[in-house]
Amino acid sequence: MTEKSTAPTVGRKAENTFPCRICGGEVRQWFDFGRQPVSNAFLPPEQVGRTLFYRLAVGLCTSCAMVQQAEELPRGRMFHADYPYRASGSAWMRKHFSEVAERFVETELAGPDPFLVEIGSNDGVMLRTISEAGVRHLGVDPSGGAAEVAARQGIDVRVDFFEESLAREVRAEHGPADVIYSANTLSHIAYIDSILRGVAALLAPDGAFVFEDRYLGDIIENTYFDQVYDEHFYLFSVRSVGAMVARFGLELVDVEHLDTHGGTIRYTVTLRGARRRDSSVREALEREDELGLTDPATFAAFGDRVDRVRDELVALLERLRAEGRTVVGYGATSKSATVTNYCGIGTDLVSFVCDSTPEKQGTLSPGSGIPVRPPGDFTGDYPEYAVLFAWNHAEEIMAKERGFRENGGKWIMYVPEVRVI
Ligand code: SAH
Ligand code: TYD
Ligand code: ZN
């Protein structure tokens, strides 16, 4: 499988427009990544022919400011029993989620018989702490393999897609939720109107809907173009989220910036009028105006930077190949699908990618066909260069793999710009 993906004949195409999934307004496309695969389609070689491709393009709504994709994949092709992503794969993220859960237990869940629902609970990385605290909870996630990992730890999970009908069923069965939590999931859901109607129906009158997702401001500022892939159907900003939730009788009352995944915002949403709005919301909106997050020129400049990164990364990898260097990838991330397929990077430039997730090992990376191997293949015979596709876990990985650099190895970073360290 050395066959390269479609050549990047696309790039910026500002003339395309399509209707906004949130408000029906006009969305102006600002980048087209071309033909891209389902980003988590890590499949064994004999099944690679089943990989689904689509056109990955993003635009900005001229009315409500929501950044969104032009085309939608069937949800069951992304999230299913064999979905390989495991949220517990990073020690840093495990710590993050146990802190989130502890904070809920001490604050929002301190009343009598509290109930928490998580949308996108995956392998139970957050609910583990909630469950151990003896709090009533329910995780909802359609990815059966990941949900099974949670269930085996005694966590209550329902293998299904959260949407309005399911939310109403949960309320009838368990009563209202004091907290509805969701991390790195809400932005994945094109039919988010149904989610928000469900949240409004399930939330207790004084309950909190707390969700965290990668932040458009950080993506734009740092040229994190690889945060654009199928699962990130929306790229949220404080402005677009505030306007969106208001359409469903909800209100954005607090925002908090987090460092996870290169920059995330945690949004706290309540039923309209239930709580006082914190000054953090206004302050974030002011910062977004300074950043130009509704200005087409901001997105055009981002597009130019993406193409510079692509050209420099490909030139570097081609030079290393010409010199006969050994180059591998580190972290079989969803992000790497956008990088390899947009840049046309195959096994001729990156011979394999190592990843600690057992479900991904032995498979081929979607589109690029780069084989995924266990970290032992990296440490056993260090390459000369490694492209860090899991750059959001740089600190954790570089600490773990200290031996690589001690052995003369060099990391290749490509965001915010291409550099070798
Ligand atoms: N919360 C974890 C997992 C994020 S991965 C973390 O932050 O690391 C996104 C998860 O959302 C996947 O496990 C996927 O199966 C799930 N998901 C996708 N659509 C969903 C929906 N409609 N309802 C609930 N979960 C959904
Ligand atoms: P992540 O960046 O969380 O996800 P995304 O798919 O959203 O881009 O994925 C990190 C990947 O890197 C995941 O497959 C696990 C892997 N990984 C390692 O192989 N070793 C590590 O030490 C860490 C932290 C992650
Ligand atoms: Zn809109």
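Source: prediction; values computed, not measured.

Read from one edge to the other, the open sheet built from six strands follows the order S15-S14-S13-S16-S17-S18, with strand pairing classed as mixed. Unpaired on one side and paired on the other, strand S15 (372-373) and strand S18 (419-420) mark the two borders of the sheet. On the sheet, helix H10 (residues 296-322) packs against strand S13 (327-330), strand S16 (385-388), strand S17 (410-413) and S18 and is oriented at approximately 150° with respect to S17.

As far as domains go, the protein holds domain 1 (87-290) and domain 2 (297-420). For the pairing of domain 1 and domain 2, the buried interface totals around 1,800 Å² over both sides, and the portion due to carbon and sulfur atoms is 67%. The tally of links between domain 1 and domain 2 comes to nine residue pairs in polar contact (both at pLDDT 80 or more). Of all the elements in the fold, those that place two or more residues in the side of domain 1 that touches domain 2 are helix H2 (91-106) and helix H7 (216-221). For the side of domain 1 that touches domain 2, the per-class residue count stands at 10 nonpolar, seven polar and one charged.

Neighbouring ligand 2 are 22 residues; Ser334, Lys335, Asp355, Lys360 and Lys400 lie closest to it. Between ligand 2 and Asp355 there is a distance of 2.6 Å, counted from an oxygen atom to a side-chain nitrogen or oxygen. Residue His393 places a side-chain N or O atom 3.2 Å away from an oxygen atom belonging to ligand 2. Here the element with the most residues in the shell around ligand 2 is helix H13 (residues 394-400); it accounts for three residues. Lining the shell around ligand 2 are residues from two domains, each supplying at least three of them: domain 1 (87-290) and domain 2 (297-420).

Moving on: the site of ligand 1. Near ligand 1 lie 21 residues; those nearest to it are Gly120, Asp141, Ser143, Phe162 and Asn184. Asn122 is positioned with one of its side-chain polar atoms (N or O) 2.9 Å from an oxygen atom of ligand 1. At 2.9 Å, a side-chain N or O of Tyr191 approaches a nitrogen atom of ligand 1. Considered on its own, ligand 1 offers 570 Å² of accessible surface; in the complex 98% of this is hidden by protein. Residue composition of the shell around ligand 1, grouped by class: 13 nonpolar, six polar and two charged.

In spatial order, the strands read S1-S2-S3-S4-S10; together these five strands make up an open sheet with antiparallel pairing. Looking at strand neighbours, the two that pair on one side only are strand S1 (17-19) and strand S10 (234-235), the edges of this open sheet. The sheet contact formed by S1 and strand S2 (residues 26-37) spans three bridges and is antiparallel. Residue pairing for S2: Pro19 is matched across the bridge by Glu26. Across the sheet, H10 lies against S2, strand S3 (53-61) and strand S4 (67-69), angled at about 20° from S2, the strand it touches most. The strands that helix H11 (residues 335-343) touches are S2 and S3; relative to S2, the one it contacts most, it runs at about 80°.

On to the coordination of the zinc ion (ligand 3). Those donors, Cys20 (SG), Cys23 (SG), Cys61 (SG) and Cys64 (SG), are the protein atoms that reach the zinc ion (ligand 3), and they lie 2.2 to 2.3 Å from it. Metal-centred angles of 102 to 115° between the four donor atoms at the zinc ion (ligand 3) mark the site as tetrahedral. Coordination of the zinc ion (ligand 3) draws on donor residues from a single chain, spaced C-x2-C-x37-C-x2-C in sequence.

Scanning the model with the defined rule gives 23 aromatic pairs in all. Ring plane angle 25° and centroid distance 5.0 Å describe the contact between Phe211 and Tyr267, whose orientation is recorded as stacked. Of this pair, Phe211 sits in strand S9 (residues 203-214) while Tyr267 is found in strand S12 (residues 264-271), placing the two residues 56 residues apart along the sequence. Residues Phe211 and Tyr267 agree in their burial class; the two are buried. An angle of 70° between the planes, with centres 5.6 Å apart, marks the rings of Tyr330 and Trp411 as edge-to-face. Here Trp411 lies in strand S17 and Tyr330 lies in strand S13, a separation of 81 residues in the sequence. The exposure classification of Tyr330 matches that of Trp411, with both residues buried. Counting every residue linked through ring pairs, the aromatic cluster contains Phe209, Phe211, Phe233, Tyr234, Phe236 and Tyr267.

Mapped onto the fold, Ala183 is located in strand S8 (residues 177-183). The class of Ala183 is buried, set by a relative accessible area of 8%. As for Ala183 and His96, which are separated by 87 residues in sequence, their C-alpha atoms are 11 Å apart. Not counting chain neighbours up to four residues away, the residues in contact with Ala183 comprise Phe97, Ile119 and Glu212.

The subject of this paragraph is the side chain of His188. Positionally, His188 belongs in the loop between S8 and helix H6 (192-202). A distance of 3.3 Å separates a polar atom in the side chain of His188 from a polar atom in the side chain of Ser187. When sequence neighbours within four positions are dropped, the list of residues in contact with His188 reads Phe79, Glu231, His232 and Phe233.

Attention now goes to the pattern of salt bridges. Scanning the entire structure with this criterion turns up 27 salt bridges. The closest approach of N and O atoms between Glu108 and Arg275, which form a salt bridge, is 2.9 Å. Here Glu108 is found in the loop between H2 and strand S5 (115-119), whereas its partner Arg275 is found in the loop between S12 and helix H9 (279-291), with 167 residues between them in sequence. Judged by its relative accessible area of 29%, Arg275 falls in the partly exposed class. Three or more residues joined by partner-sharing salt bridges are found here, namely Arg103, Glu212, Glu256 and Arg266.

Rules used in this analysis
- Residues numbered from 1 in each chain as written.
- Chains lettered and ligands numbered in written order.
- Predicted model: local features only at pLDDT ≥ 70, side-chain atom pairs only at ≥ 80, totals over all residues.
- Heavy atoms only, no water.
- Pairing = 2+ DSSP bridges.
- Helix = DSSP H or I, 4+ residues; strand = E, 2+ residues; numbered from the N terminus.
- Contact = heavy atoms within 4.5 Å.
- Axes fitted to C-alpha atoms, helices over the stretch in contact; angles between N-to-C directions.
- Domains from an automatic or database assignment.
- Buried area = accessible area lost by both parts, 1.4 Å probe.
- Polar contact = N/O pair within 3.5 Å; in protein donor to acceptor, adjacent residues only side chain to side chain.
- Nonpolar A, V, L, I, M, F, W, Y, C, P; charged D, E, K, R; others polar.
- Near = heavy atom within 4 Å.
- Areas by Shrake-Rupley, 256 points an atom, 1.4 Å probe, with all protein chains shown as cover.
- Donors = N, O, S within 2.8 Å, 3.2 Å for Na, K, Ca; no water.
- Tetrahedral: all angles 85-135°; square planar, octahedral: opposite > 155°, others 65-115°.
- Phe/Tyr/Trp six-rings, centres within 6.5 Å; stacked < 30°, edge-to-face > 60°.
- Buried < 20%, exposed > 50% of the residue type's maximum accessible area, 1.4 Å probe, protein only.
- Salt bridge = Lys/Arg side-chain N within 4 Å of Asp/Glu carboxyl O.

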